[in-house]
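What follows is each chain in one-letter form.
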Amino acid sequence: MQIYVNGEEKQIADATDMAILIDLMQLAGQRIAVEVNEELVPRSTFAGHQLHENDRIEIIHAVGGG
Amino acid sequence: MQIYVNGEEKQIADATDMAILIDLMQLAGQRIAVEVNEELVPRSTFAGHQLHENDRIEIIHAVGGG
Amino acid sequence: MQIYVNGEEKQIADATDMAILIDLMQLAGQRIAVEVNEELVPRSTFAGHQLHENDRIEIIHAVGGG
Amino acid sequence: MQIYVNGEEKQIADATDMAILIDLMQLAGQRIAVEVNEELVPRSTFAGHQLHENDRIEIIHAVGGG
Amino acid sequence: MPQDTEKDSFTVAGREFTSRLLVGTGKYKDMQETRAAIDASGAQIVTIAVRRTNMGQNQDEPSILDVLPPSEFTYLPNTAGCYDAKTAVRTCRLARELLDGHNLVKLEVLGDEKTLFPDVIATLGAAQELIKDGFDVMVYTNDDPIVAKQLEEIGCVAVMPLAAPIGSGLGIRNRLNIRTIVENAKVPILVDAGVGTASDAAMAMELGCDGVLMNTAIAAAQNPILMASAMKKGIQAGREAYLAGRMPAKRFASASSPMDGLFF
Amino acid sequence: MPQDTEKDSFTVAGREFTSRLLVGTGKYKDMQETRAAIDASGAQIVTIAVRRTNMGQNQDEPSILDVLPPSEFTYLPNTAGCYDAKTAVRTCRLARELLDGHNLVKLEVLGDEKTLFPDVIATLGAAQELIKDGFDVMVYTNDDPIVAKQLEEIGCVAVMPLAAPIGSGLGIRNRLNIRTIVENAKVPILVDAGVGTASDAAMAMELGCDGVLMNTAIAAAQNPILMASAMKKGIQAGREAYLAGRMPAKRFASASSPMDGLFF
Amino acid sequence: MPQDTEKDSFTVAGREFTSRLLVGTGKYKDMQETRAAIDASGAQIVTIAVRRTNMGQNQDEPSILDVLPPSEFTYLPNTAGCYDAKTAVRTCRLARELLDGHNLVKLEVLGDEKTLFPDVIATLGAAQELIKDGFDVMVYTNDDPIVAKQLEEIGCVAVMPLAAPIGSGLGIRNRLNIRTIVENAKVPILVDAGVGTASDAAMAMELGCDGVLMNTAIAAAQNPILMASAMKKGIQAGREAYLAGRMPAKRFASASSPMDGLFF
Amino acid sequence: MPQDTEKDSFTVAGREFTSRLLVGTGKYKDMQETRAAIDASGAQIVTIAVRRTNMGQNQDEPSILDVLPPSEFTYLPNTAGCYDAKTAVRTCRLARELLDGHNLVKLEVLGDEKTLFPDVIATLGAAQELIKDGFDVMVYTNDDPIVAKQLEEIGCVAVMPLAAPIGSGLGIRNRLNIRTIVENAKVPILVDAGVGTASDAAMAMELGCDGVLMNTAIAAAQNPILMASAMKKGIQAGREAYLAGRMPAKRFASASSPMDGLFF
């Protein structure tokens with residue numbers, strides 16, 4: 001199915017959950033935070049958080065800023 | 001009955017309307033505007049605007065200000 | 001003989017006086033003032049003010065300035 | 001004879017020199033500098049610097065200032 | 001470009017004015033001084049306040065409305081003294097009734113008595129309600145360009161940022177903000193409050209403001225009538241300087257007399 | 001106290017003037033603009049420079065003396081471009097001869113070309129020689145109150161401290177010094193140089209100056225004629241504000257509408 | 001009263017800090033310069049931004065969280081770039097999740113890109129929602145004393161008025177407002193944005209602020225590390241001057257050496 | 001470029017100093033406070049005055065020369081209170097004799113008691129005589145760049161323009177002049193007089209001055225010792241900011257956090 005990650009289209013298998021997506025993106029273990037459709041998804045719930053067609057996912061990290 | 005005019009207690013006869021009150025106060029024909037219980041009462045409706053026990057009446061005019 | 005007028009060399013006949021020079025320069029009657037060797041020469045004394053070899057003559061007029 | 005020390009009249013014996021005056025004033029050995037009649041008198045010349053009638057003597061020291 | 005300020009005008013709520021000096025009518029010794037000062041100011045718009053009858057005015061005196069008749073002046077009733085939106089709205093409705101439907105008002109909703117700064121949140125709320133109720137709202141605000149833009153966007157007919165606290169006479173505390181407000185605006189911007197002397201008024205106009213509203217600077221001068229004249233000229237001077245386009249400021253010097261023809 | 005600036009005048013070297021704006025005549029596009037701007041300024045005193053014939057002027061043009069005839073204006077020949085006392089004195093003598101004995105001059109002896117600040121030592125020397133030679137000396141100086149007083153004491157008829165470097169348009173850099181110079185003075189004090197816009201001119205007058213002399217601020221404006229009018233009004237505004245006695249500036253606010261009679 | 005700024009501290013949301021200089025971590029050449037400058041600044045609180053992975057950062061570089069580890073610094077995640085309340089709230093929630101529940105945030109909701117002034121209406125709304133959601137909110141605002149008080153009253157742990165537009169380096173445009181905000185406040189007041197050089201920072205502290213937050217003034221200096229040291233000292237200098245109680249300014253002079261004992 | 005102000009020094013008359021804060025020793029409560037404040041200031045150069053014995057000092061107190069011994073401090077005897085060149089020269093000669101040939105002096109020849117401005121004419125004369133007589137002259141002057149240059153040219157070892165009247169605490173009245181003096185100078189330029197608080201001192205250094213001399217700002221603070229520490233840090237902060245090269249000031253805003261990677 002199609003989802004959007006950080007604004008870009010991405011095709012993933014159905015029945016993919018967030019934990020799998022994070023693995024696919026090689027972000028496992030990194031300091032990130034995730035939103036789906038503008039709602040926060042706690043890291044503790046990645047496993048089991050099913051993704052759906054057209055989900056808009058934001059994966060953010062910390063950068064320098066003032 | 002008792003009403004309040006510009007913050008002061010005043011005793012008036014029952015069945016007094018605003019036109020009568022304005023006459024009593026010798027303000028007839030003067031450039032004023034009137035509120036009863038924080039609602040504007042148009043001059044055109046003074047006659048017939050019945051006053052009630054404890055009405056709070058404000059009678060205002062223009063003064064210099066900046 | 002040679003003189004300097006407003007910084008430029010000029011050859012004039014001997015025994016030329018200031019009145020003659022001013023005529024030669026077509027400045028007669030104009031609003032000017034004159035210095036010879038850094039000394040003022042009043043207009044009233046132009047006639048009879050003999051010029052000498054190497055005199056440095058300044059002829060000035062008024063211009064806009066602030 | 002009469003002299004003036006720091007603006008005040010003072011009677012001293014004739015043939016007094018500066019060294020004696022400084023002793024009299026119990027300023028010997030103190031950090032001071034001296035003027036007579038607006039001329040500096042070096043410490044090295046106190047002994048032998050004769051004082052004269054009406055000499056105006058200034059004896060100064062250092063104070064806090066900015 | 002006008003060659004002087006006679007022909008130069010600005011428009012608020014469809015009304016055109018050639019005088020860019022708006023004046024308050026408070027704090028004068030008496031009505032005679034009030035009228036004389038306002039005449040000297042050349043003002044066409046005057047603010048007035050509404051208060052309880054038999055108060056806030058000397059009873060032997062004529063009414064401010066007689067001294068400054070509507071045939072000669074455009075009234076700008078204010079909401080001075082209001083610290084919440086509801087009171088300000090009531091005040092405007094009373095003023096409109098008093099003035100037979102005159103719907104041009106100066107809205108001010110104050111935040112505290114020490115600074116008399118506006119409460120911009122309450123001001124926005126009151127402005128929205130008044131505009132919905134058909135008023136033309138000229139609004140007193142702080143010098144925040146964002147707030148000024150929001151007040152314009154909800155439909156205020158003029159935005160009036162403060163120069164400094166009301167009655168302080170401190171002049172324009174933040175010229176950069178006033179300039180930015182002017183550059184962003186599609187409605188007239190008038191500096192309201194804080195002007196102390198004629199050069200302050202001129203400076204406000206040089207920043208591009210459409211006008212200046214003041215009261216204390218005139219009324220509290222030792223000679224209010226002469227100060228009113230000074231302010232009138234100061235406003236015109238600043239307006240003309242703005243239209244004329246000032247020279248750029250340069251750090252170093254530049255001679256005014258020609259270098260050519262020096263004889264030494 | 002005058003009710004306006006019409007009747008208000010100041011006196012320099014026995015000559016009385018009602019216009020407190022003195023203007024230079026340099027840097028204009030042409031003689032027509034020069035005349036139009038000076039008319040708009042209302043100036044009665046105009047500075048002129050003296051230069052070699054056939055230089056420093058367009059030959060097709062009429063003389064500055066014809067454009068601004070002595071019947072209408074008081075000339076103030078200057079010593080612009082002089083960096084030593086001797087040259088300044090020579091310049092004044094030439095000017096006096098040129099102008100049939102006119103003995104009112106503006107003395108400036110400059111210190112360097114970057115700042116065009118005066119050389120106050122050389123200025124004092126030149127002033128003394130000129131005064132001894134019968135000139136009425138209006139003198140350009142820095143804003144040092146002590147130097148200003150010394151120039152007055154040796155007999156200068158007017159002292160003219162700078163607001164900022166000549167032609168910089170930076171306005172009054174040190175108001176405190178100008179104010180102190182004014183308070184100490186028995187002769188007219190005129191701000192000379194550095195004014196950039198109308199509010200600067202008004203401020204100089206509010207500090208108590210008797211007048212302001214400027215050139216670049218008018219000539220280098222995008223519209224010199226309109227700026228000349230702005231400066232005229234700015235000077236009058238500042239003068240009237242000074243005479244009117246401004247309100248004291250206060251840190252905090254003070255309401256302009258009465259507190260009595262609030263109905264809420 | 002402390003004899004120096006070593007023992008002097010302030011408290012935000014129960015956390016005590018001895019450094020009153022808070023710094024941003026953006027705009028540096030690289031992470032090494034970032035770390036060196038922040039070390040030189042002595043800052044204990046550092047702001048960070050949150051952005052999409054694989055963007056807003058050089059991939060070869062270590063993470064800002066490694067360069068400035070939480071064991072050494074208190075993070076202040078910001079909402080830079082947010083122009084509405086909802087986005088700002090989402091940003092804070094992401095930051096809290098990213099930082100394992102760290103609930104101290106810097107809220108800024110911007111009004112436009114030209115000025116980067118806050119939208120104070122949206123800021124108040126976002127602050128209320130964040131506070132309800134358990135955040136400790138340090139809030140960026142304009143210099144309006146009324147808005148500052150309202151932000152305090154709804155529960156912000158620190159109020160951070162701007163000195164001038166973000167990144168402008170213009171210094172404190174309106175000292176009177178900052179002073180008034182400080183006098184009215186029960187929570188720490190920190191100047192945020194607009195400081196350009198060390199004297200600006202000192203001045204903010206002399207006005208009584210509890211601290212100053214800056215980024216560009218350090219990062220955009222020719223020598224950021226030396227400027228960081230300058231800012232550290234400037235903050236301490238201003239703080240000590242505030243605590244020491246400055247001499248009153250007087251218009252006229254007062255000698256520093258005794259008048260007694262003059263020998264002439 | 002030094003990474004801090006430890007290694008950074010300036011040289012006057014062949015003597016090198018790492019502290020750029022010079023302090024006066026007058027106006028303190030007692031000698032103990034004098035010493036404590038001067039220690040806190042880190043000053044290496046201290047001014048002293050000379051007065052008649054038995055006057056200008058509490059007899060129970062130790063001498064200023066014992067409290068601040070020459071082994072620890074470089075003395076800068078001043079000519080405070082002198083209103084003519086001759087008296088100033090006499091004062092310097094007495095000081096040199098008193099201090100066993102110490103020839104470094106601070107020359108000030110004052111113009112009047114109200115402003116304590118220098119008489120620059122008399123100052124130049126006295127400076128010439130003192131230099132001829134072998135003194136190293138650090139000279140107090142006004143902020144006129146031409147006079148400053150003339151004082152340098154006749155051989156003064158340091159030129160010390162005022163920021164504002166002595167003891168006024170008004171800060172730097174004319175930054176442009178100080179900046180110009182610094183740019184023109186080949187000898188050290190120190191701001192002398194008028195500084196009121198730490199940010200004033202920092203600003204003087206940011207203008208490029210080599211140091212600042214003050215007395216009242218420290219001695220008249222409520223806590224002189226803490227203010228001395230504030231001034232020490234303020235001077236270092238300003239010096240480092242000057243060396244670091246400040247960001248350019250810009251009218252508009254510039255974000256400190258990256259625009260890339262915004263997720264909304």
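Above this note sits the structure.
The numbering scheme is per chain: residues are counted from 1 as the chain's sequence reads. Each chain takes a letter, starting from A, and each ligand takes a number, starting from 1, following the order in which they are written. Totals for whole chains, interfaces and linings use all residues, but because this is a predicted model, local features are given only for residues with pLDDT of at least 70 and pairs of side-chain atoms are given and counted only at 80 or more. Hydrogens are left out, water is left out, and the side-chain values use all remaining heavy atoms of the structure.

Asks: I'd like a description of the overall build of chain E, backed by residues and values.
Replies: From N to C terminus, chain E includes nine helices and ten strands. For chain E, the C-alpha atoms occupy an extent of roughly 80 × 40 × 35 Å along the three principal directions. Relative accessibility under 20% of the residue-type maximum defines a buried residue, over 50% an exposed one, and the middle range a partly exposed one, all with a 1.4 Å probe and only protein chains included. Within chain E, the proportion of its 264 residues that are buried is 69%. Contacts between residues were defined by any pair of non-hydrogen atoms, one from each residue, lying within 4.5 Å. Long-range contacts, defined as pairs at least 24 residues apart, comprise 66% of the intrachain contacts of chain E with a sequence gap of at least 6. Working note: accessible area of chain E is about 8200 Å², and carbon and sulfur atoms make up 48% of it. Numbered from the N terminus, helices here are DSSP runs of H or I no shorter than four residues, and strands are runs of E no shorter than two. All accessibility values rest on the Shrake-Rupley procedure with a 1.4 Å probe; residue burial counts only the protein chains present in the view.

Asks: Summarise the overall build of chain A; cite the residues concerned and give the values.
Replies: Each helix and strand in chain A was counted, giving one helix and five strands. When the helices and strands of chain A are placed in sequence order, the string is β-β-α-β-β-β. The C-alpha radius of gyration of chain A comes to 12 Å, within 12% of the 11 Å expected for a compact globule of 66 residues. Counting only C-alpha atoms and orienting by the principal axes, one finds that chain A spans roughly 40 × 25 × 20 Å. Within chain A, the fraction of its 66 residues that count as buried is 47%. Nonlocal contacts in chain A, meaning residues at least 24 apart in sequence, comprise 57% of its contacts between residues at least 6 apart. Throughout, radius of gyration means the C-alpha value; the globule benchmark is 2.2 Å times the number of residues raised to the power 0.38.

Asks: Go over the arrangement of the chains, please, and point to the residues and values.
Replies: Taking C-alpha atoms only, the smallest gap left between chain A and chain E, which are not in contact, amounts to 21 Å. In this view chain D stays clear of chain F, with the nearest C-alpha atoms of the two still 21 Å from each other.

Asks: So, the packing of aromatic side chains: which residues are in play, and what are the values?
Replies: Residue and element names in this part refer to chain E. Side-chain rings of Phe, Tyr and Trp, where Trp is taken by its six-membered ring, are said to pair if the distance between their centres is within 6.5 Å; with planes under 30 degrees apart they count as stacked, over 60 as edge-to-face, and otherwise as tilted. For the structure shown, the criterion picks out eight aromatic pairs over all chains. Relative to Phe17, the ring of Phe10 has its centre 5.9 Å away and its plane inclined at 40 degrees; by these criteria the two rings are tilted. The pair formed by Phe10 and Phe17 is uniform in burial state, with each residue classed as buried.

Asks: Quick rundown of the sheet that holds strand 8 (residues 158-161) of chain E? Include the residues and the values.
Replies: Residue and element names in this part refer to chain E. By the convention used here, strands pair only if DSSP detects at least 2 bridges between them. Overall, parallel pairing links the three strands, which are arranged 6-7-8 in an open sheet. Single-partner strands in this sheet number two, and they are strand 6 (104-107) and strand 8. Within this sheet the neighbouring strands show an average axis-to-axis angle of 20 degrees, counted without direction. Bridge count for strand 6 against strand 7 (residues 136-141) is four bridges, and the pairing is parallel. Looking across to strand 7, one finds that Leu104 is bridged to Asp136. All axes are obtained by fitting lines to C-alpha atoms, using only the stretch in contact for helices, and the reported angles, taken between N-to-C directions, cover 0 to 180 degrees. Each of strand 6 and strand 7 is contacted by helix 4 (residues 120-132), which is oriented at about 175 degrees to strand 7, the strand it contacts most.

Asks: An account of the interface of chain E and chain H is needed here, citing residue identities and associated values.
Replies: Each partner contributes to the interface: chain E provides six residues, whereas chain H provides six residues. Buried area between chain E and chain H, both sides added, is near 480 Å², and the carbon and sulfur share of it is 43%. Buried area: the sum, over both parts, of the accessible surface (1.4 Å probe) that disappears when the two are put together. For chain E, the biggest contributors to the area lost against chain H are E:Leu176, E:Glu183 and E:Arg251; these three give 79% of the whole. Definition used for salt bridges: Asp or Glu carboxyl oxygen within 4 Å of a side-chain nitrogen of Lys or Arg. For the pair chain E and chain H, the number of links is two salt bridges. Two residues, E:Arg251 and H:Glu183, come together in a salt bridge whose shortest N-O distance is 3.0 Å. Three classes are used: nonpolar for Ala, Val, Leu, Ile, Met, Phe, Trp, Tyr, Cys and Pro, charged for Asp, Glu, Lys and Arg, and polar for all others, with Gly counted as polar. The residue makeup of the side of chain E that touches chain H, split by class, is two nonpolar, one polar and three charged.

Asks: Which residues make up the relation of the copies chain F and chain E, and what are the values?
Replies: With an RMSD of 0.0 Å, the operation that places chain F on chain E is a rotation of 180 degrees combined with a shift of 0.0 Å along the axis. Expressed as a symmetry operation, the mapping of one chain copy onto the other fits a two-fold axis. In terms of proximity to the rotation axis, the leading residue of chain F is F:Ser199, whose C-alpha is 2.4 Å off the axis. The residues that chain F uses at the interface reappear at the interface of chain E in 100% of cases, marking a shared surface. Copy-to-copy superposition: least squares on the C-alpha atoms, limited to residues that have pLDDT of at least 70 in both copies.

Asks: Outline the relation of the copies chain E and chain H, listing residues and values.
Replies: One copy of the chain maps onto the second through a rotation about an axis and a displacement along it. The transform that puts chain E on chain H rotates by 180 degrees and translates by 0.0 Å along the axis, for an RMSD of 0.0 Å. Interface overlap between copies: 100% of the residues of chain E at the interface are likewise at the interface in chain H, consistent with a symmetric, same-surface contact.

Asks: An account of the sheet that holds strand 6 (residues 104-107) of chain F is requested, with residue identities and associated values reported.
Replies: All names here are of chain F. With respect to topology, three strands assemble into an open sheet ordered 6-7-8, the strand pairing being parallel. Every other strand in the sheet has two partners, leaving strand 6 and strand 8 (158-161) as the edge strands with one partner each. Sheet twist, expressed as the mean angle between neighbouring strand axes with direction ignored, is 20 degrees. Examined bridge by bridge, strand 7 (residues 136-141) and strand 8 share four bridges and lie parallel to one another. In the sheet register, Val139 faces strand 8, and the bridge partner there is Val159.

Asks: Summarise helix 6 (residues 175-184) of chain G; cite the residues concerned and give the values.
Replies: All names here are of chain G. The element helix 6 is largely enclosed, with a buried count of seven among its ten residues. All of the buried residues along helix 6 are Leu176, Asn177, Ile178, Thr180, Ile181, Val182 and Asn184. Each element contacted by the buried residues of helix 6 is listed here: helix 5 (145-153), strand 8 (158-161) and strand 9 (190-192).

Asks: Go over the environment of B:Arg31, please, and point to the residues and values.
Replies: Following the sequence through the fold, B:Arg31 ends up in the loop between helix 1 (18-24) and strand 3 (33-36). Counting along the chain gives 30 residues from B:Arg31 to B:His61, while the straight-line C-alpha distance between them is 6.3 Å. The residues contacting B:Arg31, other than those within four sequence positions of it, are B:Ile60, B:His61, E:Leu65, E:Leu98, E:Leu99 and E:Asp100. A polar side-chain atom of B:Arg31 sits 3.3 Å from the main-chain carbonyl oxygen of E:Leu98. Polar side-chain contacts of B:Arg31 include one of 2.9 Å to the side chain of E:Asp100. Pairs of N or O atoms within 3.5 Å make up the polar contacts considered here, provided that, within protein, one atom can donate a hydrogen while the other can accept it, and that residues adjacent in sequence are counted only when both atoms are side-chain atoms.

Asks: Run through the environment of H:Leu21, naming residues and quoting values.
Replies: Residue and element names in this part refer to chain H. Topologically, Leu21 is positioned in strand 3 (residues 21-23). Separated by 144 residues in the primary sequence, Leu21 and Pro165 place their C-alpha atoms 18 Å from one another. Not counting the four nearest positions on each side in its chain, Leu21 is found in contact with Ser41, Ala43, Gln44, Val212, Met214, Ala228, Met231, Lys232 and Ile235.

Asks: So what's going on with the interface of chain F and chain E? Residues and values would help.
Replies: Listed by partner, the interface residues are 78 residues for chain F and 78 residues for chain E. Roughly 6400 Å² is buried in total at the junction of chain F and chain E, and carbon and sulfur atoms are behind 61% of that figure. Broken down residue by residue, the surface that chain F buries against chain E is led by F:Leu226, F:Met247 and F:Phe263, which jointly contribute 12%. Inspection of the region where chain F meets chain E yields two salt bridges. With a closest N to O distance of 2.7 Å, F:Glu240 and E:Lys233 form a salt bridge. For the interface between chain F and chain E, the tally reads 40 residue pairs in polar contact (both at pLDDT 80 or more).

Asks: Hey, could you go over the packing of helix 7 (residues 198-206) of chain E against helix 7 (residues 198-206) of chain F for me, with residue numbers and the actual values?
Replies: Viewed as axis vectors pointing N to C, helix 7 of chain E and helix 7 of chain F meet at an angle of 175 degrees, and their least axial separation amounts to 8 Å. One finds that helix 7 of chain E runs roughly antiparallel with respect to helix 7 of chain F. Residues E:Ala198, E:Ser199, E:Ala202, E:Met203 and E:Glu206 of helix 7 of chain E touch helix 7 of chain F, and the partners they reach there are F:Ala198, F:Ser199, F:Ala202, F:Met203 and F:Glu206. Partitioned by chemical class, the residues of the contact of helix 7 of chain E with helix 7 of chain F number six nonpolar, two polar and two charged. Each angle is binned into one of four classes, with values under 35 degrees roughly parallel, values over 145 roughly antiparallel, values of 65 to 115 roughly perpendicular, and all other values oblique.

Asks: Summarise the pairing of strand 3 (residues 33-36) of chain A; cite the residues concerned and give the values.
Replies: Residue and element names in this part refer to chain A. Residue alternation in strand 3 divides its side chains into two sets, Ala33 and Glu35 and Val34 and Val36, and both sets are buried. Inspection of the sheet shows strand 3 paired to strand 5 (residues 56-64) by four bridges, in the antiparallel sense. When the bridges of strand 5 are listed, Glu35 appears paired with Glu58. Where strand 3 meets strand 4 (residues 39-41), three bridges bridge the pair, whose relative direction is antiparallel. Bridging across to strand 4, Val36 finds its partner in Glu39. Hairpin geometry of strand 3 and strand 4 is characterised by an intervening segment of two residues between the two adjacent antiparallel strands and by a positive phi of about 50 degrees at Asn37.

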